[in-house]
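Given next are the chains, with one letter for each unit.
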Amino acid sequence: MKRNKIIAGNWKMNLSFVEATQLTQDILAQYQNYTNQHTKVMLFVPFVYAQKVAEICAEKPNIYVGVQNMHYEKAGAFTGEISPVMLNSIGVEAVIIGHSERRTLFHEDNELLAKKVKSALEHNLIPVFCVGETLQERETNQTQSVICMQIEKGLFHLSHEEMSKIIIAYEPVWAIGTGKNATPEQAQEVHAYIRNLIATRYSTNIAQNISILYGGSMKPDNSADLLKQPDIDGGLIGGASLKAKDFIEILQSVPQSNA
Ligand code: 13P
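All of these numbers come straight from a predicted model, not from anything done at the bench.

> Just to check I follow, could you spell out the layout of surface pockets for this structure?
When its volume is computed, the largest pocket comes out at roughly 500 Å³. As for the largest pocket, its lining consists of 21 residues, of which Met13, Gln68, Asn69, Arg102 and Phe106 are closest to the centre. Looking at the lining of the largest pocket, the elements with two or more residues in it are α2 (47-57) and α4 (100-105). Looking at side-chain class alone, the lining of the largest pocket contains ten nonpolar, seven polar and four charged residues. Lining the second largest pocket are 17 residues, and of these Arg103, Gly132, Glu137, Val146 and Gln150 sit closest to its centre. Looking at the lining of the second largest pocket, the elements that each hand over two or more residues are α4, β5 (126-131) and α7 (143-155). Grouping the constituent residues of the lining of the second largest pocket by class yields five nonpolar, eight polar and four charged.

> What am I meant to see in the packing of aromatic side chains here?
Centre-to-centre distance and the angle between the planes together describe a pair of aromatic rings. Under the defined criterion, the tally for this structure stands at three aromatic pairs. Seen in terms of ring centroids, Phe156 and Tyr202 are 5.6 Å apart; in terms of plane orientation they differ by 75°. Their pairing is edge-to-face. In this pair, Phe156 sits in the loop between α7 and α8 (160-163) while Tyr202 sits in the loop between α9 (184-201) and α10 (204-208), placing the two residues 46 residues apart along the sequence. A relative accessible area of 15% means that Phe156 is categorised as buried.

> I keep staring at the pairing of β5 and nothing clicks. Help me out?
Looking down a regular strand, the side chains alternate between one sheet face and the other. Taken across its six residues, β5 has six buried, putting it largely inside the fold. Neither face of β5 is left uncovered, since the one carrying Ile126, Val128 and Cys130 and the one carrying Pro127, Phe129 and Val131 both have all their residues buried. Judged from the four bridges that link them, strand β4 (residues 94-97) and β5 form a sheet pairing that is parallel. Across the sheet, Ile96 pairs through a bridge with Val128, a residue of β5. Here four bridges tie β5 to strand β6 (residues 167-170), and the two strands are oriented parallel to one another. Within the sheet, the bridge partner assigned to Phe129 lies in β6 and is Ile168.

> Hey, could you run me through the pairing of β4 in this one?
Of the two faces of β4, both are covered, the one formed by Ala94 and Ile96 as well as the one formed by Val95 and Ile97. Both strand β3 (residues 63-67) and β4 contribute to a ladder of two bridges, which runs parallel. Considered in β4, the bridge of Val67 is made with Val95. Handedness of the β-α-β unit built from β3, helix α3 (residues 84-89) and β4 comes out right-handed.

> What am I meant to see in the packing of helix α5 (residues 110-122) against α7 here?
The description of two packed helices rests on the angle between their axes and on the distance between the axes. At a closest axis distance of 7 Å, the pairing of α5 and α7 adopts a crossing angle of 50°. Regarding the angle of α5 to α7, the classification is oblique. In this structure, α5 contributes Asn110, Glu111, Ala114 and Val117 to the contact, and α7 contributes Met149, Gln150, Lys153, Gly154 and Leu155. A per-class count over the contact of α5 with α7 returns four nonpolar, three polar and two charged.

So, how was this worked out
- Residues numbered from 1 in each chain as written.
- Predicted model: local features only at pLDDT ≥ 70, side-chain atom pairs only at ≥ 80, totals over all residues.
- Heavy atoms only, no water.
- 1 Å grid on protein atoms, 1.4 Å probe; cavity = no way out; pocket = protein on both sides within 12 Å on 5 of 7 lines; lining within 4 Å.
- Points joined across faces, edges and corners; volume = space filled by probe spheres on them.
- Helix = DSSP H or I, 4+ residues; strand = E, 2+ residues; numbered from the N terminus.
- Nonpolar A, V, L, I, M, F, W, Y, C, P; charged D, E, K, R; others polar.
- Phe/Tyr/Trp six-rings, centres within 6.5 Å; stacked < 30°, edge-to-face > 60°.
- Buried < 20%, exposed > 50% of the residue type's maximum accessible area, 1.4 Å probe, protein only.
- Pairing = 2+ DSSP bridges.
- Right-handed = clockwise from strand over helix to strand, strands pointing away.
- Axes fitted to C-alpha atoms, helices over the stretch in contact; angles between N-to-C directions.
- Parallel < 35°, antiparallel > 145°, perpendicular 65-115°, else oblique.
- Contact = heavy atoms within 4.5 Å.

Spelled out as structure tokens, the structure:
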């Protein structure tokens, strides 16, 4: 996907089937007023709702349905896992890889994540690859080195062509679910750093065309300032994506001059 403004909802492990269906319909009722060829919506839903949400969103422009994790193998004896081939077969188009909750709570390391990214691309799924530092890492001036390592180990095995299909999300761990978002300046600084890393390893052209989303307590009252920053191309939104009104308000706050 080329560089776009992207407002993405990560529903995490929330909502009943009925609520998930309703939320999808409520978003669909309004999102087209605020999307176009440069401004897209993505919904990262629990596996068990993905088929239904994909059906509801099928044929609708500028909206993509994804899930929050996957296994890297096509099939096999991996009890409890979901493969990219299965996701293809129900119309899923994208997948979050390396969310900090997966890294921390489920011990996913950079080597595993590198395999997942590669496999997602091989199966035509758009990977949204997440990076971010903890509070302790920020306070000890390790933000850039942590982000650098996550990007190098998670993504730098990709070819130029593969890299141009990735979306990156910068999600400082201390901002996730805490109500304490990174300031626009803090986020912009890391986004510019990430873009520069990609330019150095790949090319300026690839770096300029990659979408880098910010995630961590993005809400209707702080989204406009974050989304105005030159290297912030969108948001990956947790809590505020569970209410259609909040999610649409964030979408509405995407700066129109760049859209
Ligand atoms: P919150 O918006 O709830 O802080 O979650 C952010 C996030 O983790 C999105 O992936």
